[in-house]
Amino acid sequence: PGLVLCVLDATNLRRGLRLVLGIKRLGLPCVVVLNIMDLALHRGMQIDLDTLAVAIGLPVVATVGVHADGISKLKSLLNQKGLKQANDNITLAASTPNRFGVSGLESSQSPSIEVNIKQDNEVVREILLRLGLEQILPDQFSDRLDRVLLHPVLGQMILLGILFLMFQAVFSWAEWPMAMILRTSDWLGEQCLEFLPDHWIRSLIIHGVIAGVGGVLVFLPQILILFFFILVLEESGYLPRAAYLLDRLMSTVGLSGRSFIPLLSSFACAIPGIMATRTISNTRDRLVTILIAPLMTCSARLPVYSLLIAAFIPAQEIGFGVQ
C-alpha cells in the first residue's frame, strides 16, 4: 500500500497505540487518525496531538467521523505537500533535546517479526504518562446503565418488557391506520365504479391501480412503527445490549442475538420483519433470518389454520377440545 491510515479510538489510546507500534514494525508509511475526538473532549481528555506525533514519529490528525467536516483536516494532510510538511515538523521536533524521551521506542521499531508485547505496553504506558492520560477514564453513565440493562435478572425483565411493547405496537397499534387505508381504497374504488363507464379501463383502475397500491400501503403502518422502535433502540445504544442478552438463546439455532427482534416482528408481519434484518451486520445471519422470517405465524394465517383444523382435525373431547 502507498499509505496506511491507522484509525484509533481517541477515548482508548491505551489499546490503539499498540496497533500503531505494530504497524511501524512493518515499515509502511502511516498516518494516525484519532477519531471520536468530540467524545474524548466531552470526557475531559485533552490530547496534545503534536506531542503524540513526536512520540510515535508519525503524523497525527484528529477527526469526528459523524460530522460533515469531520475529516477536512485529514483531507488536507493527505495531499503530498501537507504530508511532507507534517513529517518535517515531526523530524524537527524529535531532534530537539529533551523534547520527548520515550525509552524503548527505537527498539520497538525493530524489523523483527516477533512482537514484544511487554515492551510495547511499557512504551504505551510512558507515552500516556507524558500526555497525562495514564488513568483510564471510564464512561460512568454507560457503566451505570450496563449494571441495570445487562443484569442477569433485571436486564432480562426489561428486555421482555421492551420486546412486548414492540410486538404489541406492530401488531395492535397498526390496526387502525391499516383499516383506514383499506376503507380509503374501497371508497376510491366505489367512486370510480360510480363515475367511470363500464370499460376495461375502469376494471384496471379499480382492481389494478387502487387495489394494488392499497394492498402495498396497508403494510406501511407496521413498517413505520417497527422502524421507529428500531431507530430508537439503535440510537439509544440499547440494540447491541439486547443482542448481547439474547445471543446465548439465538446461538442454539446458529444465529446471533440481533436476529431475535426481526423474527419477533415477523409474528405481526413478515415484510417489516425482513426489512428489520438490515441491523444484522453478518451476511450469513442476515440471509438465514430473512429465510426464517416468513415461517413465523402472522395473523393473516389464523384463518388458514382454522380451515385446516376444521377440515382435518375431528371435533372430539378427550378431557380437552382436540380442535
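Residues numbered from 1 in each chain as written. Predicted model: local features only at pLDDT ≥ 70, side-chain atom pairs only at ≥ 80, totals over all residues. Heavy atoms only, no water.

Caption draft 1: Just the packing of helix H1 (residues 13–25) against helix H7 (residues 117–131), in detail. At a minimum axis separation of 9 Å, H1 and H7 run at an interaxial angle of 125 degrees. When the interaxial angle is binned, H1 and H7 end up oblique. In the crossing of H1 with H7, the sense of the turn from one axis to the other is right-handed. Within the contact between the two elements, H1 uses Leu 13, Arg 14, Leu 17, Arg 18, Leu 21 and Arg 25 and H7 uses Asp 120, Asn 121, Val 123, Val 124, Ile 127 and Leu 128. The residue inventory of the contact of H1 with H7, partitioned by class, reads seven nonpolar, one polar and four charged. (Axes fitted to C-alpha atoms, helices over the stretch in contact; angles between N-to-C directions. Helix = DSSP H or I, 4+ residues; strand = E, 2+ residues; numbered from the N terminus. Parallel < 35°, antiparallel > 145°, perpendicular 65-115°, else oblique. Left-handed = near helix turned anticlockwise from the far one by under 90°. Contact = heavy atoms within 4.5 Å. Nonpolar A, V, L, I, M, F, W, Y, C, P; charged D, E, K, R; others polar.)

Caption draft 2: Spotlight on helix H9 (residues 154–173). Here H9 contains 20 residues, and its C-alpha end-to-end distance of 27 Å stays within 8% of the 28 Å for a straight helix at 1.5 Å per residue. Looking at H9, one finds that the buried residues are Gly 155, Leu 159, Leu 163, Met 166, Ala 169 and Val 170. Angular distribution of buried residues about the axis of H9 spans 120 degrees; they occupy a single face of the element. Seen from the open side of H9, the exposed residues pointing more than 90 degrees away from its buried face are Met 157, Leu 160 and Phe 164. Each element contacted by the buried residues of H9 is listed here: helix H8 (140–149), helix H12 (220–236), helix H13 (238–251) and helix H14 (260–265). (Expected span 1.5 Å × (residues − 1). Buried < 20%, exposed > 50% of the residue type's maximum accessible area, 1.4 Å probe, protein only. Arc of directions from axis to C-beta.)

Caption draft 3: Seen up close, the packing of H8 against H13. Orientation of H8 relative to H13, taken along the N-to-C sense of each, is 40 degrees, at an axis distance of 11 Å. Helix-helix and strand crossings are classified by hand; for H8 and H13 the assignment is right-handed. Between H8 and H13, the contacting residues are Ser 142, Leu 145, Asp 146 and Leu 149 on the first element and Tyr 238, Arg 241 and Leu 245 on the second. Taken together, the residues that form the contact of H8 with H13 break down as four nonpolar, one polar and two charged.

Caption draft 4: The arrangement of the pattern of salt bridges in detail. Taken as a whole, this structure holds six salt bridges when the rule is applied. Taking the shortest distance from any N to any O, the salt bridge between Glu 234 and Arg 278 comes out at 3.5 Å. Placement of the pair is Glu 234 in helix H12 and Arg 278 in the loop between helix H15 (270–275) and helix H16 (283–292), with a sequence separation of 44 residues. For Arg 278, a relative accessible area of 43% corresponds to the partly exposed category. Asp 285 serves as the salt-bridge partner of Arg 284, at 2.7 Å between the closest nitrogen and oxygen. On the accessibility criterion, Asp 285 (10% relative accessible area) is buried. (Salt bridge = Lys/Arg side-chain N within 4 Å of Asp/Glu carboxyl O.)

Caption draft 5: Representation of the state of the cysteines in the model. Tallied over the entire structure, the rule returns zero disulfides. Not part of a disulfide, Cys 6 finds its nearest cysteine sulfur in Cys 30, a span of 5.0 Å. Overall, the relative accessible area of 3% leaves Cys 6 in the buried class. (Disulfide = S-S within 2.5 Å.)

Caption draft 6: How the structure looks around the sheet that holds strand S2 (residues 30–35). The strand order across the open sheet built from three strands is S1-S2-S3, with neighbouring strands paired in parallel fashion. The strands lining the two open edges of the sheet, one partner per strand, are strand S1 (4–9) and strand S3 (60–62). For this sheet, the mean angle separating the axes of adjacent strands, direction not counted, is 25 degrees. Summarising the sheet, S2 and S3 pair through three bridges and their orientation is parallel. Residue pairing in the sheet places Leu 34 in a bridge with Ala 62 of S3. Along the sheet face, helix H3 (residues 49–56) touches S2 and S3 and points at about 150 degrees away from the line of S3. (Pairing = 2+ DSSP bridges.)

Caption draft 7: Expanded view of the environment of Ala 276. Within the secondary structure, Ala 276 is located in the loop between H15 and H16. As a C-alpha pair, Ala 276 and Ser 259 span 17 residues in sequence and 9.0 Å in three-dimensional space.

Caption draft 8: Structural detail: the pairing of S1. Here S1 shows a clear split, with Val 4, Cys 6 and Leu 8 buried on one side and none of Leu 5, Val 7 and Asp 9 buried on the other. Bridge count for S1 against S2 is six bridges, and the pairing is parallel. Residue pairing in the sheet places Leu 5 in a bridge with Val 31 of S2. In this fold, S1 hands off to H1, which returns the chain to S2; that crossover is right-handed. (Right-handed = clockwise from strand over helix to strand, strands pointing away.)

Caption draft 9: Expanded view of the packing of aromatic side chains. Using the criterion set out here, one finds two aromatic pairs in the structure. When the ring of Trp 173 is compared with that of Phe 229, the centres are 6.2 Å apart and the planes differ by 45 degrees; the resulting orientation is tilted. Of the two residues, Trp 173 is situated in helix H9 and Phe 229 in helix H12; the sequence distance between them amounts to 56 residues. Given the relative accessible area of 12%, Phe 229 is considered buried. On the basis of an interplanar angle of 75 degrees and a centroid distance of 5.7 Å, the ring pair of Phe 228 and Phe 229 is categorised as edge-to-face. Phe 228 sits in the exposed class, given a relative accessible area of 52%. (Phe/Tyr/Trp six-rings, centres within 6.5 Å; stacked < 30°, edge-to-face > 60°.)

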